[in-house]
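# Summary of the model geometry
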Amino acid sequence: MLPPELPPLPALTRAEAELIDRYLEVVDLLGRINPAQHGDTYRGLRAAQALVGKATALRDALALMHRRGETELHAATLARALRVLDGERRTARVGLPPGPDG
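Before going into details, it helps to say that this report is about the structure given with it. Note that the coordinates shown come from a computational prediction; the quantities given were computed from them, not determined experimentally.

## Focus on helix 2 (residues 41–67)
For an α-helix, the turn length of 3.6 residues means that residues three or four places apart are oriented alike. The end-to-end C-alpha distance of helix 2 is 39 Å, a good match for the 39 Å that 27 residues give at a rise of 1.5 Å each. At Leu-51, helix 2 is deflected by roughly 35°, the largest bend along its length. Against helix 1 (14–33) lie the buried residues of helix 2. The distance from a side-chain oxygen at the start of helix 2 to the backbone nitrogen of Tyr-42 is 3.2 Å, and the residue carrying that oxygen is Asp-40. Once helix 2 finishes, Gly-69 follows within two positions and takes phi at roughly 90°, a positive value.

## Some remarks on the pattern of salt bridges
The final tally for this structure, using the stated rule, is seven salt bridges. Among the salt bridges present, the one from Asp-28 reaches Arg-90, with a minimum N-O distance of 2.6 Å. Residue Asp-28 is located in helix 1, and its partner Arg-90 is located in helix 4 (residues 87–92); the two are separated by 62 residues in the primary sequence. Classification of Arg-90 as buried rests on a relative accessible area of 18%. One salt bridge connects Glu-88 with Arg-83, and the closest N-O pair in it is separated by 3.4 Å. Side by side, Glu-88 and Arg-83 carry an identical accessibility label, which is exposed. Each of Glu-18, Arg-22, Glu-25 and Lys-54 takes part in a single network of salt bridges with overlapping partners.

## Side note on the nonpolar core
General note: in soluble globular proteins, nonpolar side chains tend to be found buried as a group. Residues Ala-15, Leu-19, Ile-20, Leu-24, Val-26, Leu-29, Ala-47, Leu-51, Leu-58, Met-65 and Leu-78 constitute the largest nonpolar core, which totals eleven residues. Listed by contribution, the elements that provide at least two residues to this core are helix 1 and helix 2.

## Here we look at the environment of Gly-44
Position of Gly-44 among the secondary structure elements: in helix 2. Note on Gly-44: relative accessible area 12%, which makes it buried. Taking the C-alpha atoms as reference points, Gly-44 and Ala-92, separated by 48 residues in sequence, lie 17 Å from one another. Every residue in contact with Gly-44, bar those within four places of it in the chain, is listed here: Arg-32 and Ile-33.

## So, helix 3 (residues 75–84)
Every buried residue of helix 3 is listed here: Leu-78, Ala-81 and Val-84. Along the long axis of helix 3, the arc covered by the buried residues comes to 120°, so they all point the same way. Counted as exposed and oriented over 90 degrees from the buried face of helix 3: Ala-75, Ala-76 and Arg-83. Against the buried residues of helix 3 lie helix 1. Just downstream of helix 3 lies Asp-86, where phi reads positive at about 65°.

The rules behind each value
- Residues numbered from 1 in each chain as written.
- Predicted model: local features only at pLDDT ≥ 70, side-chain atom pairs only at ≥ 80, totals over all residues.
- Heavy atoms only, no water.
- Helix = DSSP H or I, 4+ residues; strand = E, 2+ residues; numbered from the N terminus.
- Expected span 1.5 Å × (residues − 1).
- Bend = angle between axes of the 7 residues up to and from the residue.
- Contact = heavy atoms within 4.5 Å.
- Polar contact = N/O pair within 3.5 Å; in protein donor to acceptor, adjacent residues only side chain to side chain.
- Salt bridge = Lys/Arg side-chain N within 4 Å of Asp/Glu carboxyl O.
- Buried < 20%, exposed > 50% of the residue type's maximum accessible area, 1.4 Å probe, protein only.
- Core = buried A, V, L, I, M, F, W, Y, C linked by side-chain atoms within 4.5 Å.
- Arc of directions from axis to C-beta.

See below:
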């Protein structure tokens, strides 16, 4: 049985697509570093070391957009792209898990 087909990505500029990709890379690393998530220190250390380069790439993607005159983020479109790329699950690893009361 084939998995369900994902919805198509919204139309993005090349710079917007680069921004989304770099953002998700940073989020994935932050999720590995999150001390509230299960894991070991070596895994967090490796993610923290990689974070510097990925954050630089994210900054460069935003700088490129700005230089090209793309000075406004189209939040609804970018949020749709993030959802298609499993952004809700990936960003959830950055926050605190539910506490003992909830």
